[in-house]
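# Architecture and fold: a report
Read off the chains here:
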Amino acid sequence: MVGFDLIGNTPLVLLKSFSNKDVQIYAKLEQFNPGGSIKDRLGKHLIEVALKENTIREGDTVVEVSAGNTGIGVALAANHYGLNSVIFAPIGFAEEKISIIKALGAKVIRTEQGLGMEGAKIAAREFESKTGAFYLNQFESKHNPEAYKDTIAQEITDKLDDIDYFVGGVGSGGTFAGIAEHLAQFDIESVIVEPEGSTLSGGQAHAHDIEGIGSELWPSFLHETLVADIIKVSDDAAFKNVKLIAKQEGLLVGSSSGAALQAALDIKKHINKGVIVTVFPDGSDRYMSKQILNYKENEYG
């Protein structure tokens, strides 16, 4: 077995301090993937599909746009299959993830912060056109949800028989779409958690400190019929939960995990009995430069 083989089959744990005898909250701990996040699954799947379809072959170059985690997953898979990788990343996101991508041998090209992910996408398409590299394009690829439907979603239902709600964030939308599609056959309600500043449920778009989730555009492969509700979560609530999860559960997770927990707790307030499952996409170790464990420290202690 090599490190690449460790992708998937991550722990599913009961969050005891946030549960009671009537309502239980479970979390899938994706930081246990070798690249440290759920996006290892995506990088692996997109590259394996491209190889199977003969879109790429050993020695070719793949390109992706990523704030970090998908870039890490792509770099891992590219190394495993003898490919070169180039990641376009806007300035402004946690530098730890960029350092990991570089350590894995990928080339990182930074794009203008003010142009956000859209600017990075334009740059990636231009690079593809000029060089003949293959742009994986996680944001539009129909294969994105597949990376999760038959892996993490199946892992969840293999472990738990009775689930009432699934809570997940949306960035590219693939994780939520894939899991929700699988869970729909069990009549499980799937709820999106989004940061304040994300506009899937309306409102004014603005910057937020929660990384990895949030979108101003509805993902093309996410069918609205799969979405039971959308819950907005503030930066304050998400980062406060990161500290609570560390102290009460001994788990060091990222801000999107804190947001997911808050949405699960909001659901818990309104039900008398049930099981809620969520995903903790990555760990806090890659956000230390953003003071994730010291966010508004004077306020939260």
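About the criteria used
Residues numbered from 1 in each chain as written. Predicted model: local features only at pLDDT ≥ 70, side-chain atom pairs only at ≥ 80, totals over all residues. Heavy atoms only, no water. UniProt positions renumbered as here; feature names shortened; annotations may be inferred. Pairing = 2+ DSSP bridges. Helix = DSSP H or I, 4+ residues; strand = E, 2+ residues; numbered from the N terminus. Buried < 20%, exposed > 50% of the residue type's maximum accessible area, 1.4 Å probe, protein only. Contact = heavy atoms within 4.5 Å. Core = buried A, V, L, I, M, F, W, Y, C linked by side-chain atoms within 4.5 Å.

An unreviewed UniProt entry annotates the protein as cysteine synthase of Staphylococcus pseudoxylosus. Of the comments in the UniProt record for the protein, the one headed Catalytic activity (unreviewed entry) reads "O-acetyl-L-serine + hydrogen sulfide = L-cysteine + acetate".

Spatially, E5-E4-E3-E6 is the arrangement adopted by the four strands of the open sheet, whose pairing is parallel. The open sheet terminates on both sides in strands that have one partner only, identified here as strand E5 (107–111) and strand E6 (134–135). Alignment of strand E3 (residues 61–65) against E6, held across two bridges, turns out to be parallel. Within the sheet, the bridge partner assigned to Val-63 lies in E6 and is Tyr-135.

It is worth spelling out helix H7 (residues 174–184) at this point. Taking burial as the measure, the eleven residues of H7 include nine buried ones, the bulk of the element. Of the positions making up H7, those classed as buried are Gly-174, Thr-175, Phe-176, Ala-177, Gly-178, Ile-179, Ala-180, His-182 and Leu-183. Elements in contact with the buried residues of H7: helix H1 (39–52), helix H5 (146–149), helix H6 (152–159), strand E7 (165–169), strand E8 (189–195) and strand E10 (274–280).

Counting residues in each nonpolar core, the largest one holds 49 residues, and the members touching the most others are Ile-47, Val-62, Phe-176, Ile-179 and Ile-192. For this core, the secondary structure elements donating two or more residues are H1, helix H2 (69–80), strand E4 (84–90), helix H3 (95–103), H5, H6, H7 and E10. Here this core gets six residues from one element, more than from any other, and that element is H2. Ignoring anything within four residues of it in the chain, the contact list for Ile-179 reads Tyr-148, Ile-152, Ala-153, Phe-166 and Val-279.

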